[in-house]
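Below are the chains, spelled out letter by letter.
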Amino acid sequence: QVQLVESGGGLVQAGESLRLSCAASGNIFRANVMEWYRQAPGKQRELVAIITPNGATNYPDSVKGRFTISRDNDKNTVYLQMNSLKPEDTAVYYCNARIRRTGRMETYDYWGQGTQVTVSS
């Protein structure tokens, strides 16, 4: 089995920073695309960052220039550095990883349990 465990959420004031981590463990052959999503109360889950295995990244305009996604392939871990946080960034943040398990050819999406980020004004 594969598990994704997130950490690093919390309560901060507007303008401050947080760094989220998401570590994948288990029977992993290779982690392909890794992503961060967020979901605010009453809103749909939205993609906030994506990173390919070779490090290419992409962000929506709402976080571009403030958020940075990175990964450590040796540790199967993805990070999200969030700077200049705004109250509208308040949400539960989830990581997602497309993983190929050892001995399998297909890949599956796995999700973390979510970590709360609250930004006060």
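Let us look at the structure shown here. (Residues numbered from 1 in each chain as written. Predicted model: local features only at pLDDT ≥ 70, side-chain atom pairs only at ≥ 80, totals over all residues. Heavy atoms only, no water.)

### Some thoughts on unusual backbone geometry
A positive phi angle, close to 50°, is found at Asn76, a residue other than glycine. Topologically, Asn76 is positioned in the loop between β7 (67-72) and β8 (77-82). Residues other than glycine seldom take positive phi values, yet Ser84 does so here, at roughly 50°. Note that Ser84 resides in the loop between β8 and β9 (91-101). (Helix = DSSP H or I, 4+ residues; strand = E, 2+ residues; numbered from the N terminus.)

### A word on the side chain of Arg71
With respect to the element layout, Arg71 can be found in strand β7. Although Arg71 lies buried, it forms no salt bridge, and the closest oppositely charged side chain, Asp72, sits 8.1 Å away as judged by the N-O distance. A distance of 2.8 Å separates the side chain of Arg71 from the backbone oxygen of Asn32, its partner in a polar contact. A polar side-chain atom of Arg71 sits 2.6 Å from a polar atom in the side chain of Asn73. (Buried < 20%, exposed > 50% of the residue type's maximum accessible area, 1.4 Å probe, protein only. Lys, Arg positive; Asp, Glu negative; His and termini not counted. Salt bridge = Lys/Arg side-chain N within 4 Å of Asp/Glu carboxyl O. Polar contact = N/O pair within 3.5 Å; in protein donor to acceptor, adjacent residues only side chain to side chain.)

### With respect to the environment of Gln13
Tracing the chain through its elements places Gln13 in strand β2 (residues 10-13). Gln13 sits 105 residues away from Thr118 along the chain, and the two C-alpha atoms are 8.3 Å apart. Setting aside anything within four residues of it in sequence, one finds Gln13 in contact with Val119 and Ser120. (Contact = heavy atoms within 4.5 Å.)

### Brief notes about the side chain of Glu6
Mapped onto the fold, Glu6 is located in strand β1 (residues 2-7). Among buried Asp, Glu, Lys and Arg side chains, Glu6 stands out as unpaired, with Arg45 the closest opposite charge at 7.8 Å. Apart from the residues within four sequence positions on either side, Glu6 is in contact with Ser21, Cys22, Trp36, Tyr93, Tyr94, Cys95, Gly112, Gln113, Gly114 and Thr115.

### Here we look at the pairing of β8
Burial of β8 is extensive: five of the six residues sit out of reach of the surface. Judged from the six bridges that link them, β7 and β8 form a sheet pairing that is antiparallel. Directly across from Asp72, in β8, lies its bridge partner Thr77. Between the end of β7 and the start of β8, which pair antiparallel, lie four residues, with Asn76 showing a positive phi angle near 50°. (Pairing = 2+ DSSP bridges.)

### Considerations on the nonpolar core
Counting 31 residues, the largest nonpolar core has Leu4, Trp36, Leu80, Met82, Tyr93 and Ile99 as the members making the most contacts within it. For this core, the elements supplying multiple residues, two or more each, are β1, β3 (18-26), β4 (28-39), β5 (46-51), β7, β8, β9 and β11 (115-120). With five residues, β9 is the largest single contributor of residues to this core. Among residues more than four places away in sequence, those in contact with Ile99 are Val2, Leu4, Ala24, Ile28, Arg30, Ala31, Glu106, Thr107, Tyr108 and Tyr110. (Core = buried A, V, L, I, M, F, W, Y, C linked by side-chain atoms within 4.5 Å.)

### Considering the pairing of β3
Both β1 and β3 contribute to a ladder of six bridges, which runs antiparallel. In the sheet register, Glu6 faces β3, and the bridge partner there is Cys22. Both β3 and β8 contribute to a ladder of six bridges, which runs antiparallel. Bridge assignment links Ala23 to a residue of β8, and that residue is Thr77.

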